[in-house]
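For reference, the chains in residue letters:
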Amino acid sequence: MSENKEKMITVYIMGKAYEVPFGLTIMKAMEYAGYRFIRGSGCRAGFCGACATVYRNKGEYKFQTALACQATAEDGMYLAQLPFVPANRKEYDIAMINPEKNVLSEYYPEINRCVSCNTCTKSCPQELDVMYYIQAAIRGDYGEVSKLSFDCIQCGLCAARCPAEITHYHVAQLARRIYGKYHLQIPEHLLKRIEDIDAGKFDNEIGKLKKMGMKELKEEYTSRTIEKIQRGEVTQ
Amino acid sequence: MKIPYFPGCTLKATAKSFEVSGIAVGKELGIEFVEMPRWNCCGTVYSLATDDLMHQLAPVRNLAVVESDMEENRVVSFCSMCYNTLRQANNLVINDPEKLKTINEFMDTEKDYRGGVEPLHLLQVLGEVGTKEMEKRVKKPLTGLKLVPYYGCTLVRPEDVSIDDPRDPSIMEEIMKAMGADIIDIEYKTECCGSYQTITNRDAVVERTRKIIESAREAGGDVIILSCPLCDFNLEDRQREVREKYHGFIEMPVLYFTQLMALAMGLEDKAGFEGNQIDPRPLLEERGLLEG
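Please read these numbers as outputs of a predicted model, since none were measured by experiment.

Definitions and limits used
Think of each chain on its own: its residues are numbered from 1, step by step along the sequence as written. Chains carry letters from A onward and ligands carry numbers from 1 onward, assigned in written order. Reporting of local features is limited, given that this is a predicted model, to residues whose pLDDT is at least 70; pairs of side-chain atoms are given and counted only at 80 or more, and all residues count toward the totals for whole chains, interfaces and linings. Water and hydrogen atoms play no part in the side-chain values, which are based on all heavy atoms of the structure. Labels follow the DSSP assignment, with helices taken as runs of H or I lasting at least four residues and strands as runs of E lasting at least two, numbered in each case from the N terminus. Here the term buried applies to any residue with accessible area under 20% of the maximum for its type, exposed to any over 50%, and partly exposed to those in between, with areas from a 1.4 Å probe on protein chains only. Note on definitions: a residue-residue contact is assigned when non-hydrogen atoms from the two residues lie within 4.5 Å. Surface accessibility in these figures is a Shrake-Rupley result with a 1.4 Å probe; residues are shielded only by whichever protein chains are displayed. Only four residue types enter the tally: Lys and Arg on the positive side, Asp and Glu on the negative side; His and the chain ends are excluded. Think of each charge as sitting on NZ of Lys, CZ of Arg, CG of Asp or CD of Glu. What makes two strands pair is DSSP finding at least two bridges between them. Here a cavity is any set of points on a 1 Å grid over the protein atoms alone where a 1.4 Å probe fits but cannot get out, and a pocket is any open set with protein on both sides within 12 Å along at least 5 of 7 lines; a residue lines the site when it has an atom within 4 Å of a point. Grid points are joined across faces, edges and corners, and a volume is the space filled by probe spheres set on the points. Just so you know the grouping, Ala, Val, Leu, Ile, Met, Phe, Trp, Tyr, Cys and Pro go in nonpolar, Asp, Glu, Lys and Arg go in charged, and all remaining residues, Gly too, go in polar. You can read pLDDT as the predictor saying how much it trusts each residue, on a scale of 0 to 100. Interaxial angles span 0 to 180 degrees and are taken between N-to-C directions of axes, which are lines fitted to C-alpha atoms, for helices over the stretch in contact. It is the directions from the helix axis to the C-beta atoms whose arc is reported. Pairing of aromatic side chains requires ring centres within 6.5 Å, counting the rings of Phe and Tyr and the six-membered ring of Trp. Pairs whose planes differ by under 30 degrees are stacked, by over 60 edge-to-face, and all others tilted. Two conditions define a charge located above a ring, namely a distance within 6 Å from the ring centre to NZ of Lys or CZ of Arg, and an angle within 35 degrees of the ring normal. Counting of polar contacts relies on pairs of N or O atoms within 3.5 Å, with two restrictions inside protein: one atom must be capable of donating a hydrogen and the other of accepting it, and residues adjacent in sequence are counted only when both atoms are side-chain atoms. Joining through side-chain atoms within 4.5 Å is the link that ties buried Ala, Val, Leu, Ile, Met, Phe, Trp, Tyr and Cys residues into a set, and such a set is a nonpolar core.

Now for the overall build of chain B. Along chain B, the regular secondary structure elements total 13 helices and eight strands. Referenced to the eigenvectors of the C-alpha coordinate spread, the extents of chain B come out at roughly 60 × 45 × 30 Å. Within the span of chain B, comprising 292 residues, buried residues form 56% of the whole. In chain B, the proportion of contacts linking residues at least 24 apart, taken out of those at least 6 apart, comes to 77%. Summed over all atoms, the accessible surface of chain B reaches about 12,500 Å², with 47% contributed by carbon and sulfur. Considering chain B, the positive charge centre built from 34 side chains and the negative charge centre built from 49 side chains are found 2 Å apart.

Now the structure itself:
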C-alpha cells in the first residue's frame, strides 16, 4: 500500500497532461486534477448511470467506454467526461398501448436500421447483449428485451456509439414497462403481502422500530436474521 | 437428422404458422431443427452495393455464429428471403477473401468466419428426406385439392443461389404430390410479387396480385402455396384491396406449403389456419379435409 501511495501516473484530460496518484477511478483522477462535476456524476457506486465516459488507452486504437466512477485511471489514458447523451425518448401513455402489437417499431422505427454491427454491445459498461435486445425489439419480443436489458442503468453510451442512431435504453424501457404491465403475471405473494399491510399486520413492529433510538436501531439491524433463499426461488 | 435452424424475425412475429407447421412436419420426418442460440436479422435483403460491407454484417455474423457455436456446418431457413440473403452473403465472402477479412476484423468479438457454412432452404432439406419417406407419413392425402406453387424471386434468383431449376423449379410440386395433392402450374410461378413496392407503390402490387390470383383461378387452382412471408403478405392480404377495386374478384386462400403438409400428416393442430387473412377452412371442409 505504501508503495502505491507514492506512485503517480500521467493522464491526459482533454489533451492536457496531469500527474495523479495511481489507483483512483477516472472520476476521482479528474477531480484530483481540479475538475469539479456538477452534472455527469451521481451515485459514485456504478448504479445511477450518470457518469458515462470515453477514453483511449496509450498506444491503442480502441475507443473505450466506461462509467467514470467504476473504471480505474491508468497511466497514459486520454480522458474526457461526457456531460450528457442527448436521446430520443417518445411520450406515451402506457395504459393506452396495445400490448399485442409491436409498438416498439411504431415509437422507435429507427430500430429497423440496425445492421448488427454490435457496437452497442461493445460499448455497454454493464456488459449487456444490447444488440440482441434490439434484435428482439425488432420482432416485438417484449419478454426477451426485458430479460436481456434488465440490468441497464441508462448511461447512454450505446446510443452515443450507434451508427443507426438508435436510443437503445429508451426502447428497452418501453419494452419492460409493457412486459411488466401486460404480460407478466401478477405475483400472488405480493398481493397477499399488500393485503397484510393494509390489514395492519405489521403496524405493531413498525411502531416498535419508530420508537427506538439510533443505538438500539443499529443493534436491531446488525442482529437481524436474514432468510436464506435459493436463486430463482420465490419467497412466500 | 439434426440441423441448425435460423428462424428470422418474421417467423417469430407475423408468420408463426409457418414456423410451427414447419417444425412439426420436420419432427414427423425425423428432422430436428436446432434453433441457433443467438441470431440477428438476416439483413432482410442482400445488399448489392459492392463497397457497402456494413450491410453484410448481419448475414455474415449469423453464419459466423453457426460456424463457431453449432455442431453442423449447415443452416436452414424457412423464409425464402432469409435464405436468399444468407446464401448470397456467403457467396460474396467465400469468393472475396479480402472482404471477408475486413468483415472479420470489424466483428472482433466473434470468432473469425471462415466460410464453412452452407445456408439451405427448408425445401432443400425436405428434398433430402425424399418423397418416398414423406408418402409414408401421409395420414390424410390432399386428394382433389388443386395447389398452385408460387416460388417468387428469392428461391430461384440469382441463378447461383437457386434451390432448383431457376426457370422451371419443381421441388415444391414433388413434395406436395407426395402429400396427395394435384398440382397446377401457372406462368407466374417465378414472377415477382412486387416485394417492397407494397409500401411505396401499393397499386402496382394490387395489380400484380390480381394477375397472379386470376391466373391461378383460371387454371383451376384452389390454393396458392408459397414459402415467403412477404409474398404471402402481398398475395394474401392485398387481395382485400383487389376485391374492393374489382367487383366479381373471388379471393383465393394463400398458405405456407408446410401448413398443408401438416394437414396431410395428421398434424392439423399445428397448421395454424386460424391465422390466415383469407380463411382456408371453409374450402378444406368442403373438400372433406377438415371437419367443420
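On we go from here.
Turning our eyes to something else, we now look at the pairing of strand β7 (residues 223-226) of chain B. All names here are of chain B. Every second residue of β7 is oriented toward a common face, with Val223 and Ile225 on one face and Ile224 and Leu226 on the other, all of them buried. Taken together, the three bridges between β7 and strand β8 (residues 254-256) define a ladder with parallel strand orientation. In the strand pairing of β8, isoleucine 225 is matched with leucine 255.

Under the criterion given, the structure shown has one cavity of 30 Å³ or more. Of the residues in the lining of the largest cavity, the class split is eleven nonpolar, three polar and no charged.

Attention shifts here to the confidence of the model for chain B. Put simply, chain B has an average pLDDT of 97, and 100% of its residues get 70 or more. For this predicted complex, the interface confidence comes out at an ipTM of 0.94, alongside a pTM of 0.91.

Attention now goes to the sheet that holds β7(B). Residue and element names in this part refer to chain B. As summarised here, the arrangement of the four strands in space is β6-β5-β7-β8, forming an open sheet in which the pairing is parallel. The sheet is open, and its two borders are formed by β6 (182-183) and β8, each paired with just one other strand. Along the sheet, helix α12 (residues 257-264) contacts β5 (146-149), β7 and β8; its crossing angle with β8, the most-contacted strand, is approximately 75 degrees.

Moving on, we get to helix α4 (residues 97-106) of chain B. All names here are of chain B. Taken together, the buried positions of α4 are occupied by Lys99, Leu100, Ile103 and Asn104. Buried residues of α4 fall within an arc of 135 degrees about the axis and therefore sit on the same side. Exposed residues lying more than 90 degrees from the buried face of α4 are Glu98 and Glu105. Its buried side turned inward, α4 meets α2 (57-69) and α3 (80-95).

Once that is clear, we can look at the packing of aromatic side chains. Scanning the model with the defined rule gives ten aromatic pairs over all chains in all. Look at Tyr12(A) and Tyr78(A): their rings are 4.5 Å apart centre to centre, the planes differ by 10 degrees, and that puts the pair in the stacked class. Within this pair, whereas Tyr12(A) is found in strand β1 (residues 8-13), its partner Tyr78(A) is found in strand β5 (residues 78-81), the two being separated by 66 residues in sequence. What makes Tyr12(A) partly exposed here is its relative accessible area of 25%. Centre to centre, the rings of Tyr5(B) and Phe33(B) are 5.9 Å apart; their planes meet at 55 degrees, and the pair counts as tilted. Of this pair, Tyr5(B) sits in strand β1 (residues 2-5) while Phe33(B) sits in strand β2 (residues 32-35), and the two are 28 residues apart along the sequence. On the basis of relative accessibility, which here comes to 1%, the residue Tyr5(B) falls in the buried class. Cluster of aromatic residues (ring-pair linked, three or more members): Tyr5(B), Phe18(B), Phe33(B), Phe78(B), Tyr256(B) and Phe257(B). Its guanidinium or amino end placed over the ring of Tyr182(A), Lys181(A) lies 5.6 Å from that ring's centre, counting from NZ or CZ.

Position of Asn118(A) among the secondary structure elements: in the loop between α3 (103-107) and α4 (119-123). Within the structure, the side chain of Asn118(A) is placed 2.8 Å from the side chain of Thr121(A), a separation counted as a polar contact.

Further remarks concern the nonpolar core. Among the nonpolar cores identified, the biggest contains 135 residues, and Leu142(B), Met176(B), Met179(B), Ile224(B), Phe257(B), Leu260(B) and Met261(B) are the most heavily contacted of them. In terms of residues, this core owes the most to one element, helix α5 (residues 130-138) of chain A, which gives eight residues. For Ile224(B), the residues in contact, after removing those within four places along its chain, are Val148(B), Tyr150(B), Ile212(B), Ile213(B), Ala216(B), Leu235(B), Met252(B), Pro253(B), Val254(B) and Leu255(B).

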